[in-house]
Protein chains: 2
Amino acid sequence: MPGEPMLWSGWGDPALARELPEQVRALLRDFLGVRAPDVPAVGLESVRLPTVALPEPLLGALAETVGSAYVLTSHEVRVRHTRGKSTPDLLRMRAGDGSAAPDAVVLPGSHEEVAELLRLCSAERVAVVPFGGGTSVVGGLTASGSGFAGVIALDLGRLDRLRSVDLESHVATFEPGVRAPEAERLLAPYGLTLGHFPQSFEYATLGGFAAARSSGQASAGYGRFDDMVVGLTVATPTGTLDLGRAPKSAAGPDLRQLMLGSEGAFGVITSLRLRVRRAPGERRFEGWRFGTFAEGTAAVRALAQEGPLPAVLRLSDETETMIGLAKPDTIGSGSSGCLLIAGYESPPSSTTEPPSSAPALPASASASTEGASPLTPDQAPTATSARALLSDGTSALDGVSSVGGQAGSGWGSVAARRSGAAAVLARMGGEPLGTEPGEAWERGRFSAPYLRDSLLAAGATVETLETAGFWANLPRLYDAVRLALIGALGSPLVMCHISHVYETGASLYFTVVTAQEGDPVGQWERAKEAVNAAIVEAGGTITHHHGVGRDHRDAYAAELGPVGVSILQAVKARLDPTGILNPGALIPPPTA
Amino acid sequence: MPGEPMLWSGWGDPALARELPEQVRALLRDFLGVRAPDVPAVGLESVRLPTVALPEPLLGALAETVGSAYVLTSHEVRVRHTRGKSTPDLLRMRAGDGSAAPDAVVLPGSHEEVAELLRLCSAERVAVVPFGGGTSVVGGLTASGSGFAGVIALDLGRLDRLRSVDLESHVATFEPGVRAPEAERLLAPYGLTLGHFPQSFEYATLGGFAAARSSGQASAGYGRFDDMVVGLTVATPTGTLDLGRAPKSAAGPDLRQLMLGSEGAFGVITSLRLRVRRAPGERRFEGWRFGTFAEGTAAVRALAQEGPLPAVLRLSDETETMIGLAKPDTIGSGSSGCLLIAGYESPPSSTTEPPSSAPALPASASASTEGASPLTPDQAPTATSARALLSDGTSALDGVSSVGGQAGSGWGSVAARRSGAAAVLARMGGEPLGTEPGEAWERGRFSAPYLRDSLLAAGATVETLETAGFWANLPRLYDAVRLALIGALGSPLVMCHISHVYETGASLYFTVVTAQEGDPVGQWERAKEAVNAAIVEAGGTITHHHGVGRDHRDAYAAELGPVGVSILQAVKARLDPTGILNPGALIPPPTA
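Residues numbered from 1 in each chain as written. Chains lettered and ligands numbered in written order. Predicted model: local features only at pLDDT ≥ 70, side-chain atom pairs only at ≥ 80, totals over all residues. Heavy atoms only, no water.

(A) Examining the overall build of chain A more closely. Scanning chain A from N- to C-terminus turns up 19 helices and 18 strands. Classification of the 592 residues of chain A by burial places 65% in the buried group. When contacts within chain A are restricted to residue pairs at least 6 apart in sequence, those whose partners lie at least 24 apart make up 77%. Of the roughly 19,200 Å² of accessible surface on chain A, 54% is carried by carbon and sulfur atoms. (Helix = DSSP H or I, 4+ residues; strand = E, 2+ residues; numbered from the N terminus. Buried < 20%, exposed > 50% of the residue type's maximum accessible area, 1.4 Å probe, protein only. Contact = heavy atoms within 4.5 Å. Areas by Shrake-Rupley, 256 points an atom, 1.4 Å probe, with all protein chains shown as cover.)

Right, here's the structure in full:
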């Protein structure tokens with residue numbers, strides 16, 4: 001279950017593995033020509049790892065910094081910190097290719113230990129890959145040890161505490177290794193929520209969300225994760241940055257926005273001050289049908305520009321609707337047109353209740369209504385203690401979390417907001433489908449990665465990719481991505497949805513399914529290269545919320561241009577002069 | 001009138017100069033002991049300027065780049081580009097001190113000319129001070145020529161066009177020298193507005209708003225200016241940056257947020273792509289009375305955290321309410337308690353009108369509904385042509401502009417939003433005062449700087465300063481600023497209001513009035529130093545929307561810490577290796 005270690009060669013809890021429905025098998029066989037792969041996945045013990053390159057004295061020095069119990073070099077631990085969760089990552093792991101394994105996994109227990117590790121590794125030229133939930137899908141975790149004494153994965157799993165809650169300011173201070181469901185469990189006793197529910201929710205960490213600029217399924221209501229970060233502490237090899245004295249400031253460039261998205265290449269986030277909101281009460285998910293993707297896009301644009309905006313807003317294109325991807329329980333039995341999912345929520349209580357009313361606090365935690373006094377370490381609730389405090393034992397998935405409120409305020413009942421949005425959707429040509437499609441989406445909202453594992457095992461390559469652009473450019477971007485994928489893969493199934501909207505534009509999220517060739521990694525890498533080039537050429541951004549890592553790095557450099565790249569290189573050279581931090585990720589080397 | 005050159009020694013249009021009401025004179029005399037100054041202000045022709053340091057060949061090279069008509073060295077032009085509009089700036093100018101004048105004022109006509117000027121000045125070590133509206137109140141325009149061949153003011157006044165309007169994406173592309181009222185006039189034929197109305201509105205430019213992270217009076221509805229910027233083109237001595245392919249992206253750090261707030265120290269903004277909104281229809285301003293500032297603060301916090309948020313929200317403290325500063329027409333006849341001003345607006349038409357309905361386009365402009373095709377230069381409307389197109393000749397102040405809509409959407413009528421907010425305000429202890437105080441505020445919203453001129457002439461020093469922090473820290477910040485001012489100035493009048501709110505915190509804006517001493521500049525500089533230190537010590541940011549310039553630079557460095565400062569220095573060294581860009585502003589020199 002979530003909270004336990006994830007399947008090393010795939011996604012999530014092995015107990016939740018999904019059988020492919022017969023209609024999906026038929027689709028793979030008849031439409032895509034998928035045949036079972038020749039070679040089954042290997043067992044964990046058969047993964048081939050390189051020998052540990054780090055010399056013993058350095059391992060000893062690392063152990064001196066964090067304690068010998070927290071420097072791990074076992075086969076299993078190294079395998080579990082090898083690569084992320086992109087399809088090429090999984091294909092390689094299933095084939096037993098552990099060549100990208102770190103030499104050691106190091107688990108610091110405090111900001112000070114992180115800072116000391118970075119000083120040590122900088123002096124000894126040890127590459128450091130910060131590791132949160134391990135859910136990167138863009139090669140964010142695959143450091144090259146070339147030119148270094150070795151590579152360590154800096155696992156932030158011990159930094160898993162809620163440090164303080166400022167009920168007055170709606171700010172909670174977390175350590176970076178807190179996984180998203182734990183964050184919701186820790187906030188629940190205060191009646192608060194982050195409202196951040198990306199597909200990686202079950203395993204990803206808050207530090208990872210910040211480092212990679214995550215965006216969740218309720219982004220229309222709660223904003224992106226970078227909107228939630230009001231303060232950051234970052235340890236770098238040359239010292240500590242402590243950013244965020246006010247929600248917004250005119251005091252120069254916003255350096256929080258330079259650290260958000262820095263993917264471990266500038267430093268390691270050791271503390272996050274996050275905007276929180278009162279957890280929602282009433283919720284409702286609904287489906288609407290539009291005749292075409294263009295019609296549906298005009299409708300979601302109307303909601304984004306004129307309101308009212310639901311907390312969740314997702315529009316599938318014709319192919320995704322036909323396949324039924326938005327309703328994983330019944331995949332393969334989709335329908336015609338384009339399915340739109342809208343989710344609404346209202347505040348936990350009537351608007352006449354003062355927002356300053358403090359919820360009952362858990363006995364082991366203290367909350368500050370006067371602000372900045374953090375909990376002492378002894379008082380800070382751990383994930384375990386907070387979970388025990390939830391009387392009904394429900395997970396965040398069952399309770400607090402499911403949808404977002406209106407950006408900036410939970411004002412208005414579900415009924416009022418829903419009727420306002422329904423008027424817009426109907427005017428724009430939508431046909432209401434009631435709550436069934438919305439509830440089906442909500443039940444399956446985190447299941448797609450499990451489905452991918454089953455598809456990979458069945459001989460299909462399935463991967464997702466995404467971009468964003470301004471509204472007027474979306475049709476061009478949509479066509480460019482589809483054409484690039486079809487050009488590279490022959491007759492793949494290409495599905496798309498819009499799930500993050502802004503006044504000036506939106507994201508496009510693609511799911512591609514094709515039959516595995518003899519070299520499925522090479523097959524996908526060629527397609528990925530083509531689609532990256534197409535996105536850059538069509539004026540989109542190379543990623544809306546997956547991040548850059550290594551898979552998007554060259555396209556990112558093209559998007560940014562040489563002056564932009566030189567800025568990143570200058571910042572990195574200043575903060576990380578020996579280049580130990582996640583080498584190869586995000587930033588092209590200065591000589592490139 | 002706005003659009004004409006501003007009073008060189010004060011603010012705005014000399015014809016709008018204000019006589020001080022007798023009750024204000026009495027207040028100054030009886031409460032503050034103000035006596036008329038010994039020395040009257042000098043005339044423009046008597047301002048003492050340094051001789052032009054730039055050698056003739058360099059002046060010739062500048063003229064070759066932009067045309068000799070656009071390299072100006074006359075006494076009047078130099079005086080008009082000397083310093084900004086802080087109180088020390090005005091006191092110095094009134095005393096005839098033009099020691100900070102640039103050697104020449106250069107007006108480029110294109111991005112390419114800006115880029116070429118920067119290359120030339122970098123090679124020849126000529127300091128460059130970008131000059132938009134000239135409204136800096138933090139010493140943003142006062143370059144030191146020390147170590148340089150000379151100093152030029154790079155006046156962006158010729159870059160004054162609306163380049164394109166993307167009606168579908170709600171994005172307008174402007175040149176940086178467009179003044180805010182002109183921007184509203186240029187957008188009005190499209191039925192659009194920026195919604196950005198800072199107190200500097202009448203003279204400030206869009207490029208300046210971006211470079212200094214401006215925030216307007218309707219920020220609760222429209223957001224800050226940095227929220228409006230979706231794309232930027234920046235010329236630097238080492239090349240051009242072109243940022244913003246999507247509203248939001250996970251492609252690395254958001255470098256737009258590194259250029260916003262860079263105050264001309266990294267480059268010169270030559271193009272801005274700005275989010276625009278449909279201009280509002282119905283508007284309504286109201287007043288409410290709260291017993292104490294703490295009660296009122298709790299009420300604005302409730303609106304910021306739970307909604308509904310008015311477009312304009314401003315809360316005066318007890319002193320500001322007593323003086324009546326929020327209603328400049330009747331200043332000196334204030335009341336007890338704390339005055340809150342709330343402004344509401346609704347969309348221009350019923351919510352059933354499609355947002356994609358294109359307004360009639362002016363004959364000389366073309367708008368793209370398909371997106372990115374910019375107007376050719378010949379098609380681009382100039383400020384002059386667009387003004388002529390407005391049939392009724394009204395200024396933006398009379399029409400389009402006065403209040404903001406709800407963040408992200410104009411959903412909901414004035415009546416609905418107002419009744420929701422009124423319920424919160426009443427529950428939190430507010431007493432409704434009807435529309436009179438709101439309308440009085442709205443009439444006087446841009447008049448405070450005119451009032452300052454009259455006060456300076458009468459022998460009072462009046463200045464404003466501001467900070468921001470998280471809600472829980474605001475009382476500490478409020479007390480710290482007041483104590484520092486009282487400690488430094490004896491018995492000044494210190495007034496405060498909150499006018500920018502966020503879910504997690506708010507700004508505090510202070511107005512200080514004291515009797516001028518023999519050396520009023522030195523008197524204020526001592527107070528400013530004390531209050532800067534108090535803000536840093538109390539955990540606030542040194543500026544919420546005035547910017548850093550030179551007056552906040554050292555406090556900014558303390559706020560940021562040495563690692564943060566080193567990041568700025570590294571970026572500057574990369575983009576501006578000879579350090580010609582606005583030297584001394586924003587970033588402490590590396591040796592400091």
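Additional details are given in the paragraphs that follow.
(B) Structural view of the sheet that holds strand S1 (residues 71-72) of chain B. Residues and elements named next belong to chain B. The 4 strands lie next to each other as S1-S2-S4-S3, forming an open sheet whose pairing is mixed. Across the chains shown, the open sheet's two edge strands, defined by having one partner strand only, are S1 and strand S3 (126-131). Pairing between S1 and strand S2 (residues 104-106): 2 bridges, direction antiparallel. Within S2, the position partnered with Leu72 by the bridge is Val105. (Pairing = 2+ DSSP bridges.)

(C) Here's a closer look at the layout of surface pockets. The space that makes up the largest pocket amounts to roughly 1,100 Å³. If you go around the largest pocket, you meet 44 residues; those closest to its centre are Phe470(A), Asp242(B), Leu243(B), Gly244(B) and Arg273(B). Contributing elements (two or more residues each) for the lining of the largest pocket: helix H19 (553-575) of chain A together with helix H5 (111-124), strand S5 (162-166), strand S6 (171-174), strand S9 (239-243) and strand S10 (268-275) of chain B. Taken together, the residues of the lining of the largest pocket break down into 15 nonpolar, 16 polar and 13 charged. (1 Å grid on protein atoms, 1.4 Å probe; cavity = no way out; pocket = protein on both sides within 12 Å on 5 of 7 lines; lining within 4 Å. Points joined across faces, edges and corners; volume = space filled by probe spheres on them. Nonpolar A, V, L, I, M, F, W, Y, C, P; charged D, E, K, R; others polar.)

(D) Region of the structure containing the interface of chain A and chain B. Counting residues at the interface gives 100 residues for chain A and 99 residues for chain B. A buried area of about 7,700 Å², summed over both sides, lies between chain A and chain B, and 61% of it is on carbon and sulfur atoms. Our count for the contact surface shared by chain A and chain B stands at 6 salt bridges. Between Arg278(B) and Glu306(A) there is a salt bridge, with the nearest N and O atoms lying 3.2 Å from each other. The interface formed by chain A and chain B includes 36 residue pairs in polar contact (both at pLDDT 80 or more). In terms of residue class, the side of chain A that touches chain B is built from 42 nonpolar, 37 polar and 21 charged. (Buried area = accessible area lost by both parts, 1.4 Å probe. Salt bridge = Lys/Arg side-chain N within 4 Å of Asp/Glu carboxyl O. Polar contact = N/O pair within 3.5 Å; in protein donor to acceptor, adjacent residues only side chain to side chain.)

(E) Here's a closer look at the relation of the copies chain A and chain B. Superposing chain A onto chain B requires a rotation of 180° together with a translation of 0.0 Å along the rotation axis, leaving an RMSD of 0.0 Å. Here the transformation between the copies is reduced to the relation of a two-fold axis. Here 99% of the interface residues in chain A have copies in chain B that are interface residues too; the copies meet face to matching face. (Least-squares fit on C-alpha atoms with pLDDT ≥ 70 in both.)

(F) Representation of the packing of H19(A) against helix H19 (residues 553-575) of chain B in the model. H19(B) packs onto H19(A) with a crossing angle of 140° between their chain directions and a minimal axis gap of 9 Å. The orientation of H19(A) relative to H19(B) falls into the category oblique. Considering the relative orientation of H19(A) and H19(B), their crossing is right-handed. Residues Val563(A), Ser566(A), Ile567(A), Gln569(A), Ala570(A), Val571(A), Arg574(A) and Leu575(A) of H19(A) pack against Val563(B), Ser566(B), Ile567(B), Gln569(B), Ala570(B), Val571(B), Arg574(B) and Leu575(B) of H19(B). Taken together, the residues of the contact of H19(A) with H19(B) break down into 10 nonpolar, 4 polar and 2 charged. (Axes fitted to C-alpha atoms, helices over the stretch in contact; angles between N-to-C directions. Parallel < 35°, antiparallel > 145°, perpendicular 65-115°, else oblique. Left-handed = near helix turned anticlockwise from the far one by under 90°.)

(G) Representation of the pattern of salt bridges in the model. If you walk through the whole model with that rule in mind, you get 52 salt bridges over all chains. The partner of Glu503(A) in a salt bridge is Arg277(B), with the nearest N and O atoms 2.7 Å apart. Of the two residues, Glu503(A) sits in the loop between strand S17 (493-498) and strand S18 (505-515) while Arg277(B) sits in strand S11 (residues 277-278), which places them in two different chains. Across the pair Glu182(B) and Arg185(B) runs a salt bridge whose closest N-O atoms are separated by 2.7 Å. Taken together, the positions of Glu182(B) and Arg185(B), both in helix H6 (residues 180-187) and 3 residues apart, correspond to about one turn of that helix. Take Glu182(B) and Arg185(B): they sit in the same class, and that class is buried. Residues participating in the shared-partner salt-bridge network are Glu22(A), Arg29(A) and Asp30(A).

(H) Fine view of the side chain of Ser447(A). Residues and elements named next belong to chain A. Take Ser447: it is sitting in the loop between helix H15 (436-443) and helix H16 (448-458). By relative accessible area, which is 12% here, Ser447 ends up buried. Polar side-chain contacts of Ser447 include one of 2.8 Å to the backbone oxygen of Gly444.

(I) Structural detail: the packing of aromatic side chains. Residues and elements named next belong to chain A. Under the counting rule described, the total for this entry stands at 14 aromatic pairs over all chains. Here the aromatic rings of Phe285 and Trp441 are separated by 5.8 Å at their centres, their planes lie at 50°, and the arrangement is tilted. Taken together, the residues Phe285 in strand S12 (residues 283-290) and Trp441 in helix H15 connect sequence positions 156 residues apart. Since its relative accessible area comes to 5%, Phe285 is described here as buried. Since its relative accessible area comes to 4%, Trp441 is described here as buried. An aromatic cluster of three or more residues is present, and its members are Phe197, Phe201 and Phe446. (Phe/Tyr/Trp six-rings, centres within 6.5 Å; stacked < 30°, edge-to-face > 60°.)

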